[in-house]
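Read off the chains here:
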Amino acid sequence: MFGFCSYNESMIEKVHEEIDVLVLYRRGGSRRRGAPQKFSWRGRVIGIQNIDMHHTVREGRHLYHVFSVSDGTRYFRLKFNSENLAWTLEEFSDGLAD
Amino acid sequence: MDLPIDRHRPLVMHIDLNSCFASVEQQANRTLRGRPIVVAAYPTPSGCVLAPSIEAKVLGIKVGMRVRDAQVICQDIVVLTPDIAKVYAVHERMMRVFRRYTSDMTPKSIDEAVLDFARCEAVIKRPLTAVAREIKTSIRQEIGEWLRCSIGIGTNRFLAKVGAGLHKPDGLDVIDDTNLKTVYGGLTLVDLPGINTRYKARLNAGGIFTPLEFLGASRETLKKIVFRSTEGHRWYLRLRGLEVDKVNFSRRSFGHSYALPRPTADRRVLSRLVMKLSEKVGRRLRRHAQVAYGLHIGCLYADRTYWHTGQKLPSPLYATPEIYRQAQRLLDTQSAARPISNLAITCFALAAARPEQATLFEQPHTKLHRLADALDAVNDKYGEFVATPALIMGMENEILERVAFGKSSRLQ
């Protein structure tokens, strides 16, 4: 009757591509001192309007910082590898099924 | 002697993050906000719904439903699987907020905590409802604007939890001697935390059909006729707002279960699953520096029948191969090999792993235990299942980490 989570799979696109990111590091007491501001992906520069969540994931000795961000309408999941200082775009969604 | 309802100032607060797993996903991904979504154990049609969003609950989607049933109610429902790291991050931040208000804070599960202000009553000059509103604001401002919690305040943990369940989402209720009977009057027996259908049947058999009748029952009736144990005495006190649940239970077992996507009786497949479950249980056992003198195995069959067996052992289990061998031995005692749909392994009879009794002559198990520690160190450094028994190679995406509904050792 229904597809195997077709809606979910088409809604959140798994990307896993290395990207260029501009990060602003602030001094002082703020708990999140470094925050991504904009990044380029597929030839476009995307400005980050909201950082909706930041959490860390440890995979063995590697510590990753995961930022769930939005440009106002779309969702992006950015992952920062604190070992090699590389950024990847992991997921993208515009909120539409197709 | 009959006891009255507790008339002290209510100083216990129960906080419950509404639709935790789903709200956390909506917090992270704002394109999901305002939509019916579910977080399910597996995204397959037979996957179990762990957390419907508030929007999905409005449509009638409930915890425990199958994904296919949720899709019948809402064809466009978004189905996600749990992102444990994200939920733990929210849990840890919430607990940090709560600790600002009292040091007597107990996490009850991934999305619930109890704050006891009894020992700091002197410094809490303002009403606890004001503190509760401030906590709600702090959660929204510091953790995520989409996160809502329900808060209950009572004279004991039980009434605080009842209060937290009265108005979801985003509720705030105080239960004290002035409104306790009114609150009970609006509830059914199974609305009370701790009363399941079995307990309800027991109460019904004792002539108790409503929470008000439960409250009105004498201590002797509850103790000798209904519960036939001291549990009846505890319920007598609990219902009146007296504290009986401030108890810290130490861990008595480590277990892990797996719902098979396709039921099977194939020994090769089951043997690989037993090994992976043994490795997961063993990792947790060793991380807590424990050994186990008992092992239990349980199987739910495709025909919904259940079989289980356990055994106490003369020598302790510590390394994964030891757990695996014992689990296999127990599994082999099944009377008939029927397709299994759910497999669970639990280590019990725990004891401290160290200091190990020194021996003049090295025992065979000493080497095995050292090897287990070394492999754990490798996996700690390079990631889970980097060094694994050959039997479970290629099973990285099977038997994933889950969050227990109740108390979990990772909670802080």
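The written sequence of each chain sets the order in which its residues are numbered from 1. Numbering of ligands from 1 and lettering of chains from A proceed in the order in which they are written. Reporting in this predicted model follows two pLDDT cut-offs: at least 70 for local features of residues, and 80 or more for side-chain atom pairs to be given and counted; totals over whole chains, interfaces and linings ignore these cut-offs and use all residues.

## Considerations on the nonpolar core
One recurring pattern in soluble globular proteins is that nonpolar side chains are buried together. All names here are of chain B. Cut-off, in case you're wondering: Here, a nonpolar core means buried Ala, Val, Leu, Ile, Met, Phe, Trp, Tyr and Cys residues linked by C-beta atoms lying within 7 Å of one another. Here a residue counts as buried when 20 or more other C-beta atoms fall within 10 Å of its C-beta, as exposed when 12 or fewer do, and as partly exposed in between; the C-beta atoms come from the backbone. Helix numbers and strand numbers start at the N terminus; a helix is a DSSP run of H or I with at least 4 residues, a strand a run of E with at least 2. Residue pairs qualify as contacts under a 7 Å threshold applied to their C-beta atoms, which are placed from the backbone.
Among the nonpolar cores identified, the biggest contains 62 residues, and Met13, Ile15 and Val38 are the most heavily contacted of them. Top element by residues in this core is helix H4 (residues 84-99). It accounts for six residues. If we ignore the near neighbours within four places in the chain, the residues touching valine 38 are Ala22, Val49, Ala51, Pro52, Ala56, Ile61, Ala70, Ile77 and Val79. Membership of the second largest hydrophobic core comes to 28 residues, among which are Tyr258, Cys299, Leu331 and Ile392.

## Details of the environment of proline 321 of chain B
All names here are of chain B. Note that proline 321 resides in helix H13 (residues 320-331). The exposure class of proline 321 is partly exposed, given the 18 C-beta atoms found within 10 Å. Each C-alpha atom of the pair proline 321 and glutamate 279 lies 8.2 Å from the other, and the pair is 42 residues apart in sequence.

## Focus: unusual backbone geometry
At the junction of lysine 168 of chain B and proline 169 of chain B, the peptide bond is cis and its omega measures out at -5 degrees in the coordinates. Following the sequence through the fold, proline 169 of chain B ends up in the loop between helix H6 (157-164) and strand E8 (172-174). Notably, leucine 85 of chain A is not glycine yet its phi reads approximately 60 degrees, a positive angle. By secondary structure assignment, the location of leucine 85 of chain A is in the loop between strand E7 (75-81) and strand E8 (86-93). Exposure remark for leucine 85 of chain A: the 7 C-beta atoms within 10 Å place this residue in the exposed category.

So far we have only geometry, and geometry alone does not tell us how the molecule works.
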